Amino acid sequence: MIFLSTGWIIGSVAALALIIVSTFSLGILYRKRVSEREISSAEEEAKRIINESIKTVESKKREALLEAKEEIHKSRAEYEREVKEGRAELQKQERRLQQKEESLDRKVDAIEKKGEKLIKKLSEAEEQQEEIALIKRSQLEMLEKISGYTAEEAKTYLIKNLESEVTHEMAVKIKDIEAQAKEEADANAREIIALAIQRCAADHASEITVSVVPLPNDEMKGRIIGREGRNIRSIETLTGCDLIIDDTPEAITVSSFDPVRREVARLALEKLIQDGRIHPARIEEMVQKSQKEINAAIKAEGESATFETNIHGLHPDLVKLIGRQKYRTSYGQNVLNHSVEVAHISGLLAAELGVDVTTAKRAGLLHDIGKSVDHEVEGSHVQIGVELAGKYKESEEVIHAIAAHHGDIEAQTVTACIVQAADSISAARPGARRENIENYVKRLEKLEEVSKSFPGIAGSYAIQAGREIRVMVVPEEVDEDRMVLLARDIARKIEDELTYPGQIKIHVLRETKAIEYAK
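Residues numbered from 1 in each chain as written. Predicted model: local features only at pLDDT ≥ 70, side-chain atom pairs only at ≥ 80, totals over all residues. Heavy atoms only, no water.

**Quick look at the overall build of the protein chain**
Secondary structure assignment for the protein chain yields 14 helices and 8 strands. A fraction of 61% describes how many contacts in the protein chain between residues 6 or more apart in sequence connect residues 24 or more apart. Just so you have it, the protein chain exposes about 35,700 Å², and 55% of that area is on carbon and sulfur atoms. (Helix = DSSP H or I, 4+ residues; strand = E, 2+ residues; numbered from the N terminus. Contact = heavy atoms within 4.5 Å. Areas by Shrake-Rupley, 256 points an atom, 1.4 Å probe, with all protein chains shown as cover.)

Here's what the structure looks like:
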């Protein structure tokens, strides 16, 4: 039973396998036929597409050929048109060139004709020039005979006349320019200086430089001299001054190169005379007391000057040096008063000109600071003043103004120029200074000598205390035009060779006289 069922299973399996194999074979055959039909259909479609493509390509090729032929035809027509236009333009240019050539030919012919005419005229001009030269020579000979001058003499005469005319015109021009410039400059300077002077109230009295001590009687001279001269020797030793006791009644003269020492001696003598006890110990006591009083007075005067001028921040030693100027004079003018006056005028000028007023006043107050110690230190008061200002740390502008206030160096700042002007104004005003009579006479003689050094001068006279000079010229040698130039030359030479305060006015006078006698 089991055996039968196993055989049935095997048979079923074999039948099933046979069915599967037959089914698979049938499927394969079916698929093969379907694939063959699709392949044949695809081949036919491909052939159709290829045929259509060939037809399309041939159609496009024919269209492209047609378009190419049309483009070639258009290009050929455009080229032919351009060639035609180019030929026409060339023909126009050829015609223009031909016309220009014809015109050039006509111009060349005209130029040749003009050249022939010019050659002819040139030859005629040369002939005329020769005739003119002959006529000129004959006329010159005739003029020389008539005038009595040769050609060179006539040329010299004409040059002389021309030089005279030029000199006249130059003199007139110089006179006009100087008048205009002087008028404008004088107006401005007069206004500024007048305002500065009007606003500065200054003392016009000159101070003397000799210290004289009055005595109650002549017996006091003997007491001052002392037994065997011990008192006078003690005074001279302690003060460093010389006492001059001469025949002058009831007076003793104190002499010293140092004004401070002279003042100490004067004050000590006055105290001794007032006290009446005169002996070496008392003299030493009074000299020391006077020295302290003078030192205190010097400091007070310096502080008063700085307060009056409203200048602050000065070194204390500078303030003392300013106070020492109280006992220093220059040409009879008190140096402290002069410095204060210069400071005020400098400030006023600076205010008018729009410059720093404080710096200008500071430079004006310190411009003569070197005179405080110029008896003790070698060098000019300008050099000493520059060194002192630098030592006490004054500004460069102030130091430069001190160095330039007498023209030792050229002024580089407006402040320096202001201090120069203020110094001259203070020194040149009436009564400010007193000159030595010998120096005064020498200056006047030198002034006249300088003005006489020019040719054609008949005489020269200094008047108005040397503020004005009158020059008389020889009328035959100096004409009116030359007078203007001569006055200018004299002024320049005086400026170069002389030193003087203020300004000098030059008058050039020419007088022509005609004298005849009636008989």
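**What to know about the sheet that holds strand β7 (residues 468-473)**
Overall, mixed pairing links the 3 strands, which are arranged β6-β7-β8 in an open sheet. On the outer flanks of this sheet lie β6 (457-463) and β8 (505-509), each paired with one strand and no other. Between one strand axis and the next, the sheet turns through 15 degrees on average, direction left out of account. Direction of pairing for β7 relative to β8: parallel, over a ladder of 5 bridges. Bridging from a neighbouring strand, Met 472 pairs with Leu 509 of β8. (Pairing = 2+ DSSP bridges. Axes fitted to C-alpha atoms, helices over the stretch in contact; angles between N-to-C directions.)

**Description of a nonpolar patch on the surface**
Together, Trp 8, Ile 9 and Val 13 make up an exposed nonpolar region whose accessible area comes to about 350 Å². Relative to the helices and strands, Val 13 is located in helix α1 (residues 2-147). (Patch = residues over 30% accessible without salt bridge, like charges linked within 9 Å, V, L, I, M, F, W, Y side chains within 5 Å. Salt bridge = Lys/Arg side-chain N within 4 Å of Asp/Glu carboxyl O.)

**Points about the side chain of Asn 231**
Take Asn 231: it is sitting in helix α4 (residues 230-239). Within the structure, Asn 231 has its side chain in polar contact with the backbone oxygen of Arg 223 (distance 2.9 Å). Not counting chain neighbours up to four residues away, the residues in contact with Asn 231 comprise Arg 223, Ile 224, Ile 225, Gly 226, Ile 278, His 279, Pro 280 and Ile 283. (Polar contact = N/O pair within 3.5 Å; in protein donor to acceptor, adjacent residues only side chain to side chain.)

**Examining the sheet that holds strand β2 (residues 242-244)**
Across the sheet, 3 strands lie side by side as β1-β3-β2; this open sheet has antiparallel pairing. Because the sheet does not close on itself, it has two edges, and the strands there are β1 (211-214) and β2. Adjacent strand axes in the sheet meet at a mean angle of 30 degrees, parallel and antiparallel pairs treated alike. In the sheet, β2 pairs with strand β3 (residues 251-255) via 3 bridges, with the strands oriented antiparallel. Residue pairing in the sheet places Ile 244 in a bridge with Thr 253 of β3. Strand contacts of helix α5 (residues 259-275): β1, β2 and β3, with the helix running at about 0 degrees to β1, the strand carrying the most contacts.

**Structural notes on helix α11 (residues 396-404)**
Within α11, 7 of the 9 residues are buried, leaving the element largely enclosed by the surrounding structure. Three or more residues of α11 are buried, namely Val 398, Ile 399, His 400, Ala 401, Ile 402, Ala 403 and Ala 404. (Buried < 20%, exposed > 50% of the residue type's maximum accessible area, 1.4 Å probe, protein only.)

**Observations regarding the side chain of His 381**
Mapping His 381 onto the fold places it in helix α10 (residues 381-391). Among the residues examined, His 381 registers a relative accessible area of 15% and is labelled buried. In terms of polar contacts, His 381 uses its side chain to reach the side chain of Asp 368, at 3.2 Å. Aside from chain neighbours lying at most four places away, what touches His 381 is Asp 368, Gly 370, Lys 371, Asp 374, His 405 and His 406.

**A word on unusual backbone geometry**
One non-glycine residue with positive phi stands out, namely Glu 228, at about 55 degrees. Within the element layout of this structure, Glu 228 appears in the loop between α3 (219-225) and α4. A relative accessible area of 72% places Glu 228 in the exposed class. Phi at Lys 393 is positive, roughly 60 degrees, even though this residue is not glycine.

**Observations regarding a positive patch on the surface**
On the surface, a cluster of positive charge is made up of Lys 92, Arg 95, Arg 96 and Lys 100. Mapping Lys 100 onto the fold places it in helix α1. (Lys, Arg positive; Asp, Glu negative; His and termini not counted. Charge placed at Lys NZ, Arg CZ, Asp CG, Glu CD.)

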